[in-house]
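Read off the chains here:
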Amino acid sequence: MRAERDHGSGRADSGCQQEPRQGRPLTGRLASTFPAIKRASIVSHVKVRFAPSPTGYLHIGGARTALFNWLWARHEKGTFILRIEDTDQDRSTEEAIQIILDGMKWVGLEWDEGPYRQTERMELYRERAMALLEQGKAYWCVCAAEELEQRRKEAQAKGLTPKYDGRCRARGITKPTGEAALRFMAPQEGQTVVEDLIKGRVVFDNSVLDDLIILRSNGYPTYNFSVVVDDALMGITHVIRGDDHLNNTPRQIPIFQALGYPIPRFGHLSMIMGADKAKLSKRHGATSVLAYKDMGYLPEALINYLVRLGWSHGDQEIFSMAEMIDKFSFDHVQKSAAVFNPEKLLWMNAQYIKQSEPARLATLLVPFLDQVGVGEAARKAPAGWLARLVALFQERARTLVEMAQAATPYLQEPVEIEADAGAKFLTPAIVPALEKLTERFAATADFSHAPLETAFKQLIEEEGLKMGQLAQPVRVAVTGRTASPGLFEVIELLGRERTLARLRKGIEQAKRGNA
RNA sequence: GUCCCCAUCGUCUAGCCUGGCCUAGGACGCCGGCCUUUCAAGCCGGCAACACGGGUUCAAAUCCCGUUGGGGACGCCA
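Residues numbered from 1 in each chain as written. Chains lettered and ligands numbered in written order. Predicted model: local features only at pLDDT ≥ 70, side-chain atom pairs only at ≥ 80, totals over all residues. Heavy atoms only, no water.

### Considerations on the overall build of chain A
A count of helices and strands for chain A gives 20 helices and 12 strands. For chain A, the spread of C-alpha atoms along the principal axes amounts to about 105 × 60 × 35 Å. A burial count over chain A gives 51% of its 515 residues as buried. In chain A, 77% of the contacts between residues at least 6 apart in sequence involve partners at least 24 apart. As presented, chain A carries roughly 24000 Å² of accessible surface, and 51% of it is formed by carbon and sulfur atoms. (Helix = DSSP H or I, 4+ residues; strand = E, 2+ residues; numbered from the N terminus. Buried < 20%, exposed > 50% of the residue type's maximum accessible area, 1.4 Å probe, protein only. Contact = heavy atoms within 4.5 Å. Areas by Shrake-Rupley, 256 points an atom, 1.4 Å probe, with all protein chains shown as cover.)

### Remarks on the packing of aromatic side chains
The description of an aromatic ring pair uses the distance of the two centres, along with the angle that the planes make with each other. A full pass over the atoms with the stated rule returns 11 aromatic pairs. These aromatic residues form a ring-pair network of at least three members: Phe-68, Trp-72, Trp-311, Phe-319, Phe-328 and Phe-330. Between the NZ or CZ atom of Arg-121 and the centre of the ring of Tyr-116, over which it lies, the distance is 5.7 Å. It is Arg-183 that lies over the ring of Tyr-164; its NZ or CZ is 3.4 Å from the centre. (Phe/Tyr/Trp six-rings, centres within 6.5 Å; stacked < 30°, edge-to-face > 60°. Lys NZ or Arg CZ within 6 Å of the ring centre and 35° of its normal.)

### Regarding the nonpolar core
Taken as a class, soluble globular proteins show a tendency for nonpolar side chains to be buried jointly. In terms of nonpolar packing, the biggest core is built from 109 residues, with Met-104, Phe-340, Phe-441, Leu-470 and Val-474 touching the most fellow members. Counting 34 residues, the second-largest nonpolar core is a separate cluster that includes Met-122, Trp-140, Ala-232 and Ile-253. (Core = buried A, V, L, I, M, F, W, Y, C linked by side-chain atoms within 4.5 Å.)

### Notes on empty space enclosed by the protein
With the rule as written, the count across this model stands at two cavities of 30 Å³ or more. Considering only enclosed or pocket space, the second largest cavity measures out at about 30 Å³ in volume. Around the second largest cavity, the lining residues are Phe-184, Ala-186, Leu-209, Asp-210, Leu-212, Pro-250, Arg-251 and Pro-254. With three residues, helix H7 (residues 249-259) is the single largest residue contributor to the lining of the second largest cavity. Here the residues of the lining of the second largest cavity are counted per class, giving six nonpolar, no polar and two charged. (1 Å grid on protein atoms, 1.4 Å probe; cavity = no way out; pocket = protein on both sides within 12 Å on 5 of 7 lines; lining within 4 Å. Points joined across faces, edges and corners; volume = space filled by probe spheres on them. Nonpolar A, V, L, I, M, F, W, Y, C, P; charged D, E, K, R; others polar.)

### Things to note about the packing of helix H4 (residues 122-134) against helix H6 (residues 223-233)
One can describe the packing of H4 onto H6 by two numbers: an axis separation of 10 Å at closest approach and a directional angle of 105°. When the axes of H4 and H6 are compared, the pair comes out roughly perpendicular. Where H4 abuts H6, its residues Leu-124, Tyr-125, Arg-128, Ala-129 and Leu-132 lie against Phe-225, Ser-226, Val-229, Asp-230 and Leu-233. Residue composition of the contact of H4 with H6, by class: seven nonpolar, one polar and two charged. (Axes fitted to C-alpha atoms, helices over the stretch in contact; angles between N-to-C directions. Parallel < 35°, antiparallel > 145°, perpendicular 65-115°, else oblique.)

### Side note on the pairing of strand E1 (residues 47-50)
Residues of E1 alternate between two faces, with Lys-47 and Arg-49 on one and Val-48 and Phe-50 on the opposite face, all of them buried. Where E1 lies against strand E2 (residues 79-84), four bridges are found, and the strand directions are parallel. When the bridges of E2 are listed, Arg-49 appears paired with Ile-81. Taking the sense of rotation as the criterion, the β-α-β connection linking E1, helix H2 (residues 60-75) and E2 turns out right-handed. (Pairing = 2+ DSSP bridges. Right-handed = clockwise from strand over helix to strand, strands pointing away.)

### Here we look at unusual backbone geometry
Across the chain, the bulk of peptide bonds are trans and the bulk of non-glycine residues have phi less than zero. Along the chain, Gly-114 connects to Pro-115 via a cis peptide bond; the corresponding omega equals 0°. Locating Pro-115 in the fold gives a position in strand E3 (residues 113-117). At the junction of Glu-413 and Pro-414, the peptide bond is cis and its omega measures out at -5° in the coordinates. Its location among the elements puts Pro-414 in the loop between helix H15 (400-411) and helix H16 (419-425). Although it is not a glycine, Lys-77 sits at a positive phi angle of roughly 55°. On the secondary structure map, Lys-77 appears in the loop between H2 and E2. Relative accessible area serves as the criterion here: at 68%, Lys-77 is assigned to the exposed category. Notably, Lys-277 is not glycine yet its phi reads approximately 70°, a positive angle. Note that Lys-277 resides in the loop between strand E11 (272-273) and helix H8 (289-294).

### What to know about the sheet that holds E2
Read across the sheet, three strands follow the order E1-E2-E3 without closing on themselves; strand pairing throughout is parallel. Looking along the sheet, the strands with just one partner apiece sit at the ends: E1 and E3. Adjacent strand axes in the sheet meet at a mean angle of 25°, parallel and antiparallel pairs treated alike. Both E2 and E3 contribute to a ladder of three bridges, which runs parallel. Its bridge partner being in E3, Ile-81 is matched across the sheet by Glu-113.

### So, H7
Counting buried positions along H7 gives nine out of 11 residues, so the element sits mostly inside the fold. In the stretch just after H7, Gly-260 is the one whose phi turns positive, near 75°.

### Quick notes on the environment of Gly-422
Among the structural elements, Gly-422 can be located in helix H16. For Gly-422, a relative accessible area of 2% puts it in the buried group. The sequence separation of Gly-422 and Gly-480 amounts to 58 residues, and the corresponding C-alpha distance is 7.5 Å. Here Gly-422 is in contact with Ile-417, Val-476 and Gln-509, once residues within four sequence places are set aside.

### A look at the pattern of salt bridges
According to the stated counting rule, one finds 34 salt bridges in the structure shown. Arg-91 serves as the salt-bridge partner of Asp-88, at 3.2 Å between the closest nitrogen and oxygen. A relative accessible area of 46% places Arg-91 in the partly exposed class. The salt bridge involving Arg-498 is made with Glu-413; its shortest N-O contact spans 3.0 Å. Of this pair, Arg-498 sits in helix H20 (residues 487-512) while Glu-413 sits in the loop between H15 and H16; the two residues are 85 residues apart in sequence, bridging distant segments of the chain. Using a relative accessible area of 25% as the deciding quantity, one classes Arg-498 as partly exposed. (Salt bridge = Lys/Arg side-chain N within 4 Å of Asp/Glu carboxyl O.)

Encoded structure:
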């Protein structure tokens, strides 16, 4: 059974990081210009990349890979490159590219170079592939795709490792007549060692390596070849990517060597999993970065959540972007896979909503208010009013969606009184008290929090009522609901006219109500 | 099946490299309390973990080996 491939762009091969001293030493002129500096302590300019394939939206896993690359680049004052790996003609789409770029921008991961597209670099791959052919490091393979598939199945059935048997290796085909793919002649003896920045030393026997196809019969390069060429040509110093690529690393290293390119450092991030511990996918819920935008999450909250998924700095949970950049390093990156926990993300978002500037939230909130039908009213509100409204809900809403829902009654005219709430609190018995309160409020010169509260308290004392006995009916009349921010804050925000109108309407309903 | 990776509370993690300060700390969630005009927020408290088995050592969550469990990869996908 084939594993689900929907990590989407999360499968993108990208990133890298490491201790400065692990950087490749300078060579040649530069090095001899600074003979006093120990080679081992010289850091080459860090260059990393995020390399999604445009076959779907920007996945949560992909975003985290991009984030770690970005953090490393910023931490090292290096360069972060965005490269679109679109060599799969059948699955790559323009829309997906745009959606990925939008996702990257929303989340604030600005790239310094690119986006490069592999399909615009075809000549580069073909040239290198042909060079390998000429040097006898690659060979034409005329085995039909279906035939290979067939052999693979047979091997699987017999419990053998499916591997190309190398039958075209010795054929020495120089000018294939029909369809032919170019294969890389992989080393079969010895070992390939990866000194991974996250996993540590990983050793592979070269006997497990396949002669992989580097150029398809349609002329397009395959992933394992184009990454190597691009990483080398773009001067990538650290390849930071998902650990689903760890097995690809020993296949790519010999290609770097055959091409005569320096080998970058590698760092393999563990995967993000769903609650059932399987690779995070659609069935676990939303996995698209932009879906979180639509659900009312703040980008910095998502980023903060993601960075803590696999990275830590002591007990700290909340990090500003600047702090993350400052503290980030690979030696606190977890080796094991992490389960994505929507609950904690929600908490994180709540933290950021609480900390944010009301004015900014107000702007972000408008589209969500549109969705609940009060966007127009919000746009018509006096300048600054919406921000005041937002301020009342900052510690009550965990997402902008929740905030929009909670804020609805304050923008609605007339207010919709929830049936249960009205039936329970707007009863004939409370009418006299409500009427008196309305009169007093009408007579209050300064319609603001403190005087209103004073008037209110005076009244309940005179009437021998408890706070809640009158507060709840008032709350329902004014907000239509039994839960709201502080009553007097809400009333002050609504203002004299609207409050009194709502109170009067509430009284009407209370008179009709049967208790 | 083969190869590779991983293994501390339900979840994210600190501690592990440089054994003793760990009767294992923090966070989310959950439970209880305080505050309180409702709802939140906040504060206080509680429940809850070193996968198992050997070994090394005066001493192991920390080092070694094995077992088990989980994950990933085995494409003319990336």
